[in-house]
Amino acid sequence: EPQVLGQLLRVADATALHEVLTRLGSFPLFRELCEAYESAVASPGDGINAEFFPPLRVLSPSASYSSRRGAWPAAAREADVEDVGLAACGELWVLLLLLLPQHLRVAVAENVAGPRIAQDVARAVRGPWALPLEALRETLSHILPAPQARGCAQR
């Protein structure tokens, strides 16, 4: 459920998030997935409920502010904002997809199933933010393990 997933990824520093997403913008697969996400949210159907999926905030040409100037919406710039989550930033849904375990990514699409995706994300992000993303990926792999093949003794 989107409401449950929405609690999985939250970022306490909107400025750092903006920098991470800008860096991920150099990763072709991330850009391609963001374009597909934006298209799906713009014309909902096939079970997509646009109320659960916010627009792209950094990588969209139709964003309501300029990512080139590093500007976030006013709410995210306020000092009292605790965090930015999946309910506020469409790019986080794309990032979550890329951080999911391989068995779940392959269920979405073959081109996001490669075992090197996590390494490519870390390489695109670089710097001090790569390690927390890797830790999140590892945590998700423990929370969402691959189903075990049933053997004769389990039947």
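Residues numbered from 1 in each chain as written. Predicted model: local features only at pLDDT ≥ 70, side-chain atom pairs only at ≥ 80, totals over all residues. Heavy atoms only, no water.

## Regarding the overall build of the protein chain
Note the cut-off: Secondary structure elements are defined from DSSP: runs of H or I of at least 4 residues count as helices, runs of E of at least 2 residues count as strands, and each element is numbered from the N terminus. Note on definitions: a residue-residue contact is assigned when non-hydrogen atoms from the two residues lie within 4.5 Å. To measure how exposed things are, a 1.4 Å probe is used in the Shrake-Rupley method; for residues, cover is taken only from the protein chains shown.
For the protein chain, the count of helices and strands is eight helices and two strands. For the protein chain, the sequential pattern of α-helices and β-strands runs α-β-α-α-α-β-α-α-α-α. Contacts in the protein chain between residues far apart in sequence, at least 24 positions, make up 68% of those at least 6 positions apart. Carbon and sulfur atoms make up 56% of the accessible area of the protein chain, which amounts to about 9200 Å² in all.

## So, the side chain of Arg105
This is how it is decided: Any residue under 20% of the maximum accessible area for its type is buried, any over 50% is exposed, and the rest in between are partly exposed; the area is computed with a 1.4 Å probe on protein chains only. Only four residue types enter the tally: Lys and Arg on the positive side, Asp and Glu on the negative side, with His and both chain ends excluded. Put simply, a salt bridge is a Lys or Arg side-chain nitrogen that is within 4 Å of an Asp or Glu carboxyl oxygen.
On the secondary structure map, Arg105 appears in helix H6 (residues 102–108). The side chain of Arg105 is buried and forms no salt bridge, while Asp120, the nearest opposite charge, is found at 8.5 Å. Setting aside anything within four residues of it in sequence, one finds Arg105 in contact with Leu97, Leu98, Leu100, Val112, Ala113, Gly114 and Ile117.

## Quick look at the confidence of the model for the protein chain
The condition is simple: The pLDDT score gives, residue by residue, the confidence of the prediction method on a 0 to 100 scale.
Scored by pLDDT, the protein chain has a mean of 78; 76% of the residues are at 70 or more. By mean pLDDT, the top-scoring element of the protein chain is helix H5 (residues 90–99) (92), and the lowest-scoring one is helix H4 (residues 74–77) (43). pLDDT under 50 marks residues 64–81. Its contacts with residues more than four places away, or in other chains, come to 22 contacts.

## Concerning the packing of aromatic side chains
How we decide: Ring pairs are drawn from Phe, Tyr and Trp, using the six-membered ring of Trp, whenever the two centres fall within 6.5 Å, and their geometry is named by plane angle: stacked under 30 degrees, edge-to-face over 60, tilted for the rest.
Evaluated as defined, the whole model comprises two aromatic pairs. On the numbers, 6.5 Å between centres and 80 degrees between planes, the contact of Tyr37 with Phe53 is edge-to-face. One end of the pair, Tyr37, is in helix H3 (residues 28–42); the other, Phe53, is in the loop between H3 and H4, with 16 residues separating them in the sequence. Across the pair, Phe53 and Tyr37 agree in class, each one buried. Chaining the aromatic ring pairs together yields one cluster made of Tyr37, Phe53 and Trp93.

## With respect to the nonpolar core
Here is the rule: Throughout this description, the term nonpolar core refers to a set of buried Ala, Val, Leu, Ile, Met, Phe, Trp, Tyr and Cys residues connected via side-chain atoms within 4.5 Å.
Within the largest apolar cluster, 37 residues are counted, with the highest numbers of intra-cluster contacts made by Leu24, Phe30, Leu92, Leu95, Leu98 and Val121. Among the elements of the structure, helix H2 (14–24), H3, H5, helix H7 (117–125) and helix H8 (130–143) are those that each provide at least two residues to this core. No other element matches the eight residues that H5 contributes to this core. Those residues in contact with Val121 that sit more than four places away from it in its chain are Leu24, Phe27, Leu95, Leu98 and Leu133.

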